[in-house]
Amino acid sequence: MTEPWLPRSPSAGARLRLFCFPYSGASASLYYAWQSGLPGGIEVCPVELPGRGRRFGEEPYTALAPLVAAAGDGLRPHLDRPYAFFGHSMGALVAFELTRLLRREGGPLPLRLFVSGHVAPQHNERDDPLHRLADQEFLERVQALNGTPPEVLANEEFRDLILPILRADFTLCETYRCRDEPPLPCGVSAYGGLGDAHVSRERLDAWRVHTDREFVLRLFPGDHFFLNTARATLLEALARELQGGSGS
């Protein structure tokens, strides 16, 4: 039986669950192909956020804290065995703040937190927030990021459907401010694209202050959406770290 947050029901026999959070505008289907690229003991659990996929009719969140609280309620029953979080771009913020929430509540923490394609949260401020732009300019700036297929934004019907989701997601990310909290007692891996013009190596490396355990920084070929173009290499590194050998 599927649940709103998990389109695929977790297996009772999984050794380790990898909960994956999508980037702005994306759905859980982003991660459906990942299972075939990982060892059998690691179960990929794509997370579906409100406003997309099977939850398209739901209102997307425009603030991170309530989204994290709701995700915590939905996912907590499935944190009954070793697990890890992976999030790309917006998903990195969701995974990070969900880990912090679980720590505050005394819940089980992930073995490892993978934050991908996003600057460290203390550097989240933008001088030119996109969510305030008029529709046309907003869509042009989003398309320049190279994450939304041009044919989607060129189709008026699709564009009208995805615009509210994208604007909500960008509002959520751009209005988020990181609060001071102690470092997390779990390893953190920060992944980035060598050609990402929006997330520098230095801003990725700044994630290291959020853990008092092992920190790993990895850069992959590609731009901001390297997780799609360098997937095999990324999954190889991810599996190695989950199995206890960072190889760094």
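Residues numbered from 1 in each chain as written. Predicted model: local features only at pLDDT ≥ 70, side-chain atom pairs only at ≥ 80, totals over all residues. Heavy atoms only, no water.

Trainee: Explanation requested: the overall build of the chain in the structure shown.
Mentor: When you go through the chain residue by residue, the secondary structure sums to eight helices and six strands. In terms of overall dimensions, the chain is globule-like: its C-alpha atoms have a radius of gyration of 17 Å, near the 18 Å expected for 248 residues. Each principal axis of the C-alpha distribution contributes one length, and for the chain these read about 45 × 45 × 35 Å. For the chain, buried positions account for 53% of its 248 residues. Of the contacts formed within the chain by residues at least 6 apart in sequence, a portion of 79% connects residues at least 24 apart. For the chain, the computed accessible surface area is about 11,000 Å², with 51% contributed by carbon and sulfur atoms. The chain carries 26 positive and 31 negative side-chain charges, and their two centres are separated by 6 Å. (Helix = DSSP H or I, 4+ residues; strand = E, 2+ residues; numbered from the N terminus. Rg over C-alpha atoms; globule rule 2.2 N^0.38 Å. Buried < 20%, exposed > 50% of the residue type's maximum accessible area, 1.4 Å probe, protein only. Contact = heavy atoms within 4.5 Å. Areas by Shrake-Rupley, 256 points an atom, 1.4 Å probe, with all protein chains shown as cover. Lys, Arg positive; Asp, Glu negative; His and termini not counted. Charge placed at Lys NZ, Arg CZ, Asp CG, Glu CD.)

Trainee: For this particular structure, what's the right way to read the packing of aromatic side chains?
Mentor: For any pair of aromatic rings, the description consists of the separation of the ring centres together with the inter-plane angle of the planes. Within this structure, the stated rule accounts for 14 aromatic pairs. Taking 5.3 Å as the distance between ring centres and 85° as the angle between the ring planes, the aromatic pair formed by Phe96 and Trp207 counts as edge-to-face. Note that Phe96 is positioned in helix H2 (residues 90-104) and Trp207 in the loop between helix H6 (201-205) and strand S6 (215-220), a separation of 111 residues in sequence. Connected via pairs of aromatic rings, a cluster forms that spans Tyr31, Trp34, Phe86, Phe114, Tyr191, Phe220 and Phe226. Positioned above the aromatic ring of Tyr32, the side-chain terminus of Arg8 is 4.1 Å from the ring centre. Sitting over the ring of Phe138, Arg167 keeps its end group 4.6 Å from the ring centre. (Phe/Tyr/Trp six-rings, centres within 6.5 Å; stacked < 30°, edge-to-face > 60°. Lys NZ or Arg CZ within 6 Å of the ring centre and 35° of its normal.)

Trainee: Would you take a moment to explain the layout of surface pockets for this structure?
Mentor: Left-over empty space is what a probe sized like a water molecule reveals as it rolls over the atoms. Here the largest pocket is characterised by a volume of approximately 630 Å³. Taken together, 27 residues line the largest pocket, and the ones lying closest to its centre are Ser89, Arg126, Phe170, His198 and His224. Elements that contribute at least two residues to the lining of the largest pocket include exactly helix H3 (135-144) and helix H5 (156-175). Here the lining of the largest pocket takes four residues from H5, the largest share from any one element. (1 Å grid on protein atoms, 1.4 Å probe; cavity = no way out; pocket = protein on both sides within 12 Å on 5 of 7 lines; lining within 4 Å. Points joined across faces, edges and corners; volume = space filled by probe spheres on them.)

Trainee: Looking at this structure, how should I read a nonpolar patch on the surface?
Mentor: Taken together, Phe56, Phe158 and Leu161 make up a surface patch of nonpolar side chains, about 290 Å² in accessible area. In this structure, Leu161 sits in helix H5. What makes Leu161 partly exposed here is its relative accessible area of 38%. (Patch = residues over 30% accessible without salt bridge, like charges linked within 9 Å, V, L, I, M, F, W, Y side chains within 5 Å. Salt bridge = Lys/Arg side-chain N within 4 Å of Asp/Glu carboxyl O.)

Trainee: Help me understand the side chain of Asn124, please; the structure alone is not making it clear to me.
Mentor: Among the secondary structure elements, Asn124 is positioned in the loop between strand S4 (112-116) and H3. Among the polar contacts made by the side chain of Asn124, one reaches the side chain of His118 at a distance of 3.5 Å. There is a polar contact of 3.0 Å between the side chain of Asn124 and the backbone oxygen of Tyr176. Here Asn124 is in contact with Leu93, His118, Val119, Cys173, Glu174, Tyr176 and Arg177, once residues within four sequence places are set aside. (Polar contact = N/O pair within 3.5 Å; in protein donor to acceptor, adjacent residues only side chain to side chain.)

Trainee: What's the story with the sheet that holds strand S3 (residues 83-88) in this structure? I'm lost.
Mentor: By definition, the strands of a sheet pair up through backbone hydrogen bonds, in either a parallel or an antiparallel sense. Strand order in the open sheet made by the six strands is S2-S1-S3-S4-S5-S6, with parallel pairing throughout. At either end of the open sheet lies a strand with only one pairing partner, and these are strand S2 (42-46) and S6. Going across the sheet, the axis of each strand differs from the next one's by a mean of 20°, ignoring polarity. One ladder, built from four bridges, connects S3 with S4; its direction is parallel. (Pairing = 2+ DSSP bridges. Axes fitted to C-alpha atoms, helices over the stretch in contact; angles between N-to-C directions.)

Trainee: Which parts of the structure should I look at to understand the pattern of salt bridges?
Mentor: For side chains of opposite charge, pairing can occur when their charged atoms come near one another. All chains considered together, the criterion is met by 18 salt bridges. Across the pair Arg103 and Glu181 runs a salt bridge, and its minimum N-O distance is 3.5 Å. Placement of the pair is Arg103 in helix H2 and Glu181 in the loop between H5 and strand S5 (187-193), with a sequence separation of 78 residues. Its relative accessible area of 22% is what places Arg103 among the partly exposed residues. Between Glu214 and Arg112 there is a salt bridge, with the nearest N and O atoms lying 3.0 Å from each other.

Trainee: How do you make sense of the side chain of Ser89 when you look at a structure like this?
Mentor: Its place among the elements puts Ser89 in the loop between S3 and H2. If near-sequence neighbours (up to four positions away) are discounted, Ser89 is found in contact with Tyr23, Ser116, Gly117, His118 and His224.

Trainee: Even after reading the chapter, I still don't get the nonpolar core, so can you show me in this structure?
Mentor: Within soluble globular proteins, side chains that are nonpolar generally end up buried alongside one another. Counting 41 residues, the largest nonpolar core has Phe19, Phe21, Phe85, Leu113 and Trp207 as its most contacted members. Elements represented by at least two residues in this core include exactly strand S1 (16-21), helix H1 (64-75), S3, H2, S4, H5 and S5. With nine residues, H2 is the largest single contributor of residues to this core. Those residues within four positions of Leu113 in sequence are excluded, and the remaining contacts are Phe85, Ala95, Phe96, Thr99, Leu184, Cys186, Gly187, Val188 and Ser189. In terms of nonpolar packing, the next biggest core, distinct from the first, is built from 36 residues, Trp34, Leu38, Ala230 and Leu235 among them. (Core = buried A, V, L, I, M, F, W, Y, C linked by side-chain atoms within 4.5 Å.)

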